[in-house]
Amino acid sequence: MRTVHEVSKLAGVSIRTLQYYDKIGLLRPAGYTGAGYRLYDDTDLERLQQILLFRELEFPLKDIRQIIESPDFDRDKALDQQIILLEMKKEHLEALIGLARGIKAKGVNTMDFSAFDASKMNEYAARAKASWGSTPQYKEYEERAAKRSSKEEQDLSIQLMSIFAEFGKIKDSDPASSQAQALVDKLQGFITEHYYRCTDEILSCLGKMYAEGGDFTASIDSAGGAGTADFTNRAIGLHGKR
C-alpha cells in the first residue's frame, strides 16, 4: 500500500488531483490509515495509469469514468487503441515541430496549414470511444446490427447516403430554411429508427463529426458534392432554433 504522497510522487500527479479523483469517484483509494490518510494498492495504480493515458488523449474525466467502469470495458483492447491514438498524436506533434522549424529556417513562404489537421486522430478517437461501449447508443447499435444481414446493412448505408444527397441538392441555400430543417428531422428520424435513439445532443455531435474532415466528410461530400458535410453540420446546429 502507498500513501497519497507516495502515489503523487510516483505518478507525477498532484495530491490535490488525487483527492479530486477520489471526490468524483474516479479513483477511490483501497483504504485509509488510522489518521484518515488515503492508501492505494496496485489495482488502484493500474487504474490510475488508465486514467492518465486517457487524460494524455484529452478525454474528459466524466467520459473516462464511464469507459473504465463499463461492464464491457476490455483493458487490452483499450490499450491497443490508446497506443494507436498516441502514435497519431506523436505524428501530429512531429508535423507541427517540422512546420515550426521550417518557418524558423525559411520564413513563411506558403500558407500551409496541413500540419494542424487533427481530423483523422479525432475521428479515430470517436470510433474508439464508441467501441469501448461507453454509451448505451453504441450498445443499442450493436444489438440492432447483430440482427441484420450484410445486405441489409449495405441497403441502410445507401439510404443514409441518399439523405445526404438531398442535403447536397440544397447546400447553397439557407441551412435554417424549412427544407433544410425538414432534412435534419429526416436524418435524425432515420438514425433513431435504424441505429440508435438519436437525441438532439447526439445529433449535434454527429454534425460536428461529419464536418471535421476524414472519411465521414469524404463520404458525405461524395454523396452530395463538396461542401455537403459542412452544410449538414450547419443545418444541424440550427435545429430546434427556428
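Notes on the structure in this doc start here. All values reported here derive from a predicted model rather than from experimental measurement.

### Points about the sheet that holds strand E1 (residues 2-3)
Within a sheet, adjacent strands bond to each other through the backbone by hydrogen bonds, running parallel or antiparallel.
Right, so step 1: Pairing within the open sheet is antiparallel, and its 3 strands lie in the order E1-E3-E2. The open sheet terminates on both sides in strands that have one partner only, identified here as E1 and strand E2 (31-32).

### Here we look at the packing of helix H8 (residues 150-169) against helix H12 (residues 228-237)
Right, so step 1: Viewed as axis vectors pointing N to C, H8 and H12 meet at an angle of 90°, and their least axial separation amounts to 9 Å. The pairing of H8 with H12 is recorded here as roughly perpendicular in orientation. Of H12, the residues touching H8 (which contributes Phe-164, Phe-167 and Gly-168) are Thr-228, Phe-231, Thr-232 and Ala-235.
Right, so step 2: Grouping the constituent residues of the contact of H8 with H12 by class yields 4 nonpolar, 3 polar and no charged.

### Side note on the side chain of His-239
Right, so step 1: In this structure, His-239 sits in the segment after H12.
Right, so step 2: Reaching out from His-239, the side chain makes a polar contact with the side chain of Asp-185 at a distance of 2.6 Å.
Right, so step 3: Those residues in contact with His-239, other than ones at most four positions away along the chain, are Gln-181, Val-184, Asp-185, Gln-188, Asp-200 and Leu-203.

### Some words on the packing of aromatic side chains
Right, so step 1: As enumerated under the stated definition, the model contains 4 aromatic pairs in all.
Right, so step 2: Taking 6.4 Å as the distance between ring centres and 35° as the angle between the ring planes, the aromatic pair formed by Phe-164 and Phe-167 counts as tilted. Separated by 3 residues within a single helix, Phe-164 and Phe-167 lie in helix H8, roughly one turn from each other.
Right, so step 3: Relative accessible area serves as the criterion here: at 1%, Phe-164 is assigned to the buried category.
Right, so step 4: Between the aromatic rings of Phe-167 and Phe-231, the centroid separation amounts to 6.4 Å while the plane-to-plane angle is 65°, which identifies the pairing as edge-to-face. Of the two residues, Phe-167 is situated in helix H8 and Phe-231 in helix H12; the sequence distance between them amounts to 64 residues. Grouping residues by exposure puts Phe-167 and Phe-231 together as buried.
Right, so step 5: Among the aromatic side chains, those forming a connected cluster through ring pairs are Phe-164, Phe-167, Tyr-210 and Phe-231.

### Re helix H2 (residues 15-23)
Right, so step 1: Looking only at H2, the buried set comprises Leu-18, Tyr-21 and Asp-22. The buried residues of H2 occupy one face: seen down the axis, they fall within an arc of 100°. Of the exposed residues in H2, the ones pointing more than 90 degrees away from its buried face are Arg-16 and Lys-23.
Right, so step 2: Structurally, H2 contributes buried residues whose contacts are with helix H1 (4-11), E2, strand E3 (38-40), helix H3 (42-56) and helix H4 (61-69).
Right, so step 3: Positive backbone phi, approximately 80°, marks Gly-25, located one or two places after H2.

### Examining the nonpolar core
Right, so step 1: Phe-164, Phe-167, Leu-187, Ile-191, Leu-206 and Tyr-210 are the most contacted members of the largest nonpolar core, which has 24 residues in total.
Right, so step 2: Counting residues per element, the ones that place at least two in this core are H8, helix H9 (178-194), helix H10 (200-210) and H12.
Right, so step 3: Element by element, the count of residues in this core is highest for H9, at 6 residues.
Right, so step 4: Other than its neighbours up to four places away in sequence, Phe-164 contacts Leu-187, Tyr-210, Ile-220, Ala-223, Gly-224, Thr-228 and Thr-232.
Right, so step 5: In terms of nonpolar packing, the next biggest core, distinct from the first, is built from 18 residues, Leu-45, Leu-48, Phe-54 and Leu-85 among them.

### Quick look at the packing of H3 against helix H5 (residues 75-106)
Right, so step 1: Relative to each other, H3 and H5 sit at 35°, their axes nearing to 10 Å. The handedness of the crossing between H3 and H5 comes out as left-handed. Where H3 approaches H5, its residues Gln-50, Leu-53, Phe-54 and Glu-56 are matched on the opposing element by Arg-75, Leu-79, Gln-82, Leu-86 and Lys-89.
Right, so step 2: Class assignment for the residues of the contact of H3 with H5 results in 4 nonpolar, 2 polar and 3 charged.

### What to know about the pattern of salt bridges
Right, so step 1: In the structure shown here, the tally under the stated rule is 7 salt bridges.
Right, so step 2: Across the pair Lys-186 and Glu-166 runs a salt bridge whose closest N-O atoms are separated by 2.7 Å. Pair noted here: Lys-186 is in helix H9 and Glu-166 is in helix H8, with a separation of 20 residues, a long-range link.
Right, so step 3: Taking relative accessible area as the criterion, Lys-186 reaches 41% and is therefore assigned partly exposed.
Right, so step 4: On the basis of relative accessible area, Glu-166 is assigned to the partly exposed category, the value being 27%.
Right, so step 5: For Arg-234, the salt bridge is made with Asp-230, and the minimal N-O distance between the two is 3.1 Å. Within this pair, Arg-234 and its partner Asp-230 are both found in helix H12, separated by 4 residues, close to a single helical turn.
Right, so step 6: The network of salt bridges with common partners includes Asp-22, Arg-28 and Arg-38.

How each quantity is defined
Residues numbered from 1 in each chain as written. Predicted model: local features only at pLDDT ≥ 70, side-chain atom pairs only at ≥ 80, totals over all residues. Heavy atoms only, no water. Pairing = 2+ DSSP bridges. Helix = DSSP H or I, 4+ residues; strand = E, 2+ residues; numbered from the N terminus. Axes fitted to C-alpha atoms, helices over the stretch in contact; angles between N-to-C directions. Parallel < 35°, antiparallel > 145°, perpendicular 65-115°, else oblique. Contact = heavy atoms within 4.5 Å. Nonpolar A, V, L, I, M, F, W, Y, C, P; charged D, E, K, R; others polar. Polar contact = N/O pair within 3.5 Å; in protein donor to acceptor, adjacent residues only side chain to side chain. Phe/Tyr/Trp six-rings, centres within 6.5 Å; stacked < 30°, edge-to-face > 60°. Buried < 20%, exposed > 50% of the residue type's maximum accessible area, 1.4 Å probe, protein only. Arc of directions from axis to C-beta. Core = buried A, V, L, I, M, F, W, Y, C linked by side-chain atoms within 4.5 Å. Left-handed = near helix turned anticlockwise from the far one by under 90°. Salt bridge = Lys/Arg side-chain N within 4 Å of Asp/Glu carboxyl O.

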